[in-house]
Amino acid sequence: MSIAILQTMVLAAFADGKLDPEEKNLIRTYQTLYPPLQDIPKEELDEEMINIAKKKALKVKDRHIIEDIGEKMSKSEKETAFALAAEICASNFKFVPPENDLLDFLQVNWDIKKNTALAVYKSLKLRYASK
C-alpha cells in the first residue's frame, strides 16, 4: 500500500524530531515522480506529515507507529519503505542516532534481511558519504 510507504518516509524525516527542508523536498519529489506514490494527493501527504508530527509531539513511540504501518504492507513493500526511509535520513548528508535507531528498528521489526539492509547502506554510502 503506497500510503504506508509514504508514512514510513515521513516518520524517517521526523526521526530526529524535526522535518529538514531536504527531507521534505525529497518526500515531495518521490510523491510526484515515483509511480507507487503518484496517486497520493498533495493534501494527503500534508495530512500524513501533520499526523506524524502530532504523534511525535505526543511522545508516541516510533515502534508503535512502525508496527501500525507494517500491518498494512507486504514483505516487498516493507523492503521498499525501508530503503526509502534510509534515503530520507541520508538526504541532508548526515545520519544522527535517532535515525540510525529508527532504521535498526525497521530492519528488526519488519524482518528486513541483513543482505538487503547492507545493500541499502552501501548505496547510501556511495552517494552520500563525504570524502
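Coordinates for the structure precede this section.
Summary of the structure given here. Small disclaimer: the values here were computed from a predicted structure and weren't measured.

### Notes on the overall build of the chain
- The secondary structure content of the chain amounts to 7 helices and 0 strands.
- What you see in the chain, going N to C, is helices and strands ordered as α-α-α-α-α-α-α.
- Put simply, the chain has 131 residues, and 41% of those count as buried.
- Residue pairs in contact within the chain that sit at least 24 positions apart in sequence constitute 74% of those at least 6 positions apart.

### A short note on helix 4 (residues 62–70)
- Along helix 4, the positions that sit buried rather than exposed are Asp62, Ile65, Ile66, Ile69 and Gly70. One face of helix 4 carries all of its buried residues, which in axial projection span an arc of 130°.
- Of the surrounding elements, those touching the buried residues of helix 4 are helix 1 (2–13), helix 3 (42–57), helix 5 (75–90) and helix 6 (97–109).

### Structural notes on unusual backbone geometry
- Despite not being glycine, Lys59 shows a phi value in the positive range, around 65°.
- Secondary-structure assignment places Lys59 in the loop between helix 3 and helix 4.
- Exposure remark for Lys59: the relative accessible area of 68% places this residue in the exposed category.
- Even without being glycine, Phe93 reaches a positive phi, approximately 65°.

### Some remarks on the packing of aromatic side chains
- Inspection of every chain in the model, using the stated rule, returns 3 aromatic pairs.
- Relative to Tyr34, the ring of Tyr30 lies with its centre 5.9 Å away and its plane at 85°, an arrangement referred to as edge-to-face.
- Classification of Tyr30 as partly exposed rests on a relative accessible area of 22%.
- Classification of Tyr34 as partly exposed rests on a relative accessible area of 25%.
- A ring pair is formed by Phe82 and Tyr121, whose centres lie 6.0 Å apart and whose planes are at 80°; its orientation type is edge-to-face. Note that Phe82 is positioned in helix 5 and Tyr121 in helix 7 (residues 114–128), a separation of 39 residues in sequence.
- By relative accessible area, Tyr121 is classed as partly exposed at 27%.

Thresholds applied
- Along every chain, residues carry numbers that run from 1 in the direction the sequence is written.
- Local features in a predicted model are, by the rule used here, given only for residues with pLDDT of at least 70; side-chain atom pairs are given and counted only at 80 or more, and totals for whole chains, interfaces and linings are based on all residues.
- The side-chain quantities take in all heavy atoms of the structure and omit both hydrogens and water.
- Each helix is a run of H or I in the DSSP string that is no shorter than four residues. Each strand is a run of E no shorter than two, and both are numbered from the N terminus.
- Residue burial is assigned from relative accessible area. The probe radius is 1.4 Å, only protein chains are included, and a residue is buried under 20% of its type maximum, exposed over 50%, and partly exposed in between.
- We call two residues contacting when some pair of their heavy atoms lies within 4.5 Å.
- The directions considered for the arc are those from the helix axis to the C-beta atoms.
- Two rings from Phe, Tyr or Trp (for Trp, the six-membered ring) form a pair when their centres are within 6.5 Å of each other. A pair whose planes differ by under 30 degrees is stacked, one over 60 is edge-to-face, and the rest are tilted.

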